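One-letter residues, chain by chain:
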Amino acid sequence: MTAAAPTPPMIRMAGVDKFFGPLHVLKGINIEVPKGQVVVVLGPSGSGKSTLCRTINRLEPIDSGDIEVDGKRLPEEGKALAALRADVGMVFQQFNLFAHKTIIENVMLAPMKVRGVKEPEARKLAQQLLDRVGIANQADKYPAQLSGGQQQRVAIARALAMKPKVMLFDEPTSALDPEMVNEVLDVMTTLAKEGMTMLVVTHEMGFARKAADRVVFMADGEIVEDTTPEEFFTAPSSDRAKDFLGKILPH
């Protein structure tokens, strides 16, 4: 009997460099995220966190290196890239919902357009997902009638409607009023517990402590630490991380 091939990581970045003009924003990034793991990316503003997140589905092209999702190399463009993107759910700071469509229509749209799901099935799935994120009763409203926290939960439901293999979150709560932050983090924590592979760029330390399997700390375009939340918050090994935590954690 031959041994089964090892499962490829869900996300693999090897030697990834990214420049914005003369600015070197990602410097030789190497990271692997196994299936089912929740990785939270922390770091000061301008450290490259969001760029890292956006290169994983080629919203930002890279200058060198390799990125793979579920063992497949990221295509440059075209149909193959569209297919791969469909497997990678993305939730941004801004909700980017279609203002002229109802909440349920927003969630139904991509499965119908991209996956070819029939309307009744898409509606049923959308209703289940809205229920899962706690806003089933808002299905027939329009985005403008919802709070920011509710709109972000719709954005999460919309990403989940594609049945993605991995979810990327880029500062999903930073545009929200403080009282709405937890309702979004609660949904994300539930997803984490259900085994969704997630890469989350956030400033929410409580979420990092509670839901992350791993904390990746970035500074100046480099990964400075890659460790457990426990290690990172109680015994960071780099001065950069100590400095960062000293500024944000209550004394």
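Up top you'll find the structure we're talking about.
Residues numbered from 1 in each chain as written. Predicted model: local features only at pLDDT ≥ 70, side-chain atom pairs only at ≥ 80, totals over all residues. Heavy atoms only, no water.

Peer 1: Pulling in residues and values, what's your account of the nonpolar core?
Peer 2: Leu42, Ile156, Met167 and Met198 are the most contacted members of the largest nonpolar core, which has 55 residues in total. By residue number, the principal contributor to this core is helix α6 (residues 178-193), which donates eight residues. Every residue in contact with Met198, bar those within four places of it in the chain, is listed here: Gln37, Val38, Val39, Met167, Phe169, Met188, Leu191, Ala192 and Phe207. By size, the runner-up hydrophobic cluster in this structure holds 26 residues, among which are Val33, Val88, Leu168 and Met218. (Core = buried A, V, L, I, M, F, W, Y, C linked by side-chain atoms within 4.5 Å. Buried < 20%, exposed > 50% of the residue type's maximum accessible area, 1.4 Å probe, protein only. Helix = DSSP H or I, 4+ residues; strand = E, 2+ residues; numbered from the N terminus. Contact = heavy atoms within 4.5 Å.)

Peer 1: Tell me about the sheet that holds strand β4 (residues 64-69), residues and numbers included.
Peer 2: Taking strand neighbours across the sheet as the criterion, the four strands line up as β2-β1-β4-β5 in an open arrangement whose pairing is antiparallel. Pairing within the sheet leaves two strands with one partner each, and these edge strands are β2 (23-33) and β5 (72-73). One ladder, built from seven bridges, connects strand β1 (residues 11-20) with β2; its direction is antiparallel. What sits directly across from Phe19, in β2, is His24. (Pairing = 2+ DSSP bridges.)

Peer 1: Kindly report on the side chain of Thr197, identifying the contributing residues and their values.
Peer 2: With respect to the element layout, Thr197 can be found in strand β8 (residues 197-201). The contact partners of Thr197, leaving out residues within four places of it in the chain, are Met10, Val33, Pro34, Lys35, Gly36, Gln37, Lys165, Val166 and Met167.

Peer 1: Give me the packing of helix α5 (residues 148-160) against α6: which residues, what numbers.
Peer 2: Look at α5 against α6: their axes get within 8 Å of each other, and the N-to-C directions meet at 20°. It follows that α5 is roughly parallel to α6 by the angle criterion. As for how α5 packs across α6, the hand of that crossing is right-handed. The segment α5 lies against α6, with Gly148, Gly149, Gln150, Gln152, Arg153, Ile156 and Leu160 engaging Met180, Glu183, Val184, Val187, Met188 and Leu191. Tallied by class, the residues present in the contact of α5 with α6 amount to seven nonpolar, four polar and two charged. (Axes fitted to C-alpha atoms, helices over the stretch in contact; angles between N-to-C directions. Parallel < 35°, antiparallel > 145°, perpendicular 65-115°, else oblique. Left-handed = near helix turned anticlockwise from the far one by under 90°. Nonpolar A, V, L, I, M, F, W, Y, C, P; charged D, E, K, R; others polar.)

Peer 1: Got a sec to walk through the pattern of salt bridges? Specific residues and values, please.
Peer 2: Applying the stated criterion across every chain, the model contains 14 salt bridges. One salt bridge connects Glu32 with Arg12, and the closest N-O pair in it is separated by 3.7 Å. Highlighted residues: Glu32 in strand β2 and Arg12 in strand β1, separated in sequence by 20 residues. For Glu32, a relative accessible area of 42% corresponds to the partly exposed category. Of the charged contacts, one joins Lys165 and Asp87 as a salt bridge, the two residues approaching to 3.7 Å between their closest N and O atoms. In this pair, Lys165 sits in the loop between α5 and β7 (166-170) while Asp87 sits in the loop between α2 (78-86) and β6 (88-91), placing the two residues 78 residues apart along the sequence. Judged by its relative accessible area of 16%, Asp87 falls in the buried class. A cluster of three or more residues bridged by salt bridges with shared partners is formed by Asp70, Asp87, Arg115 and Lys165. (Salt bridge = Lys/Arg side-chain N within 4 Å of Asp/Glu carboxyl O.)

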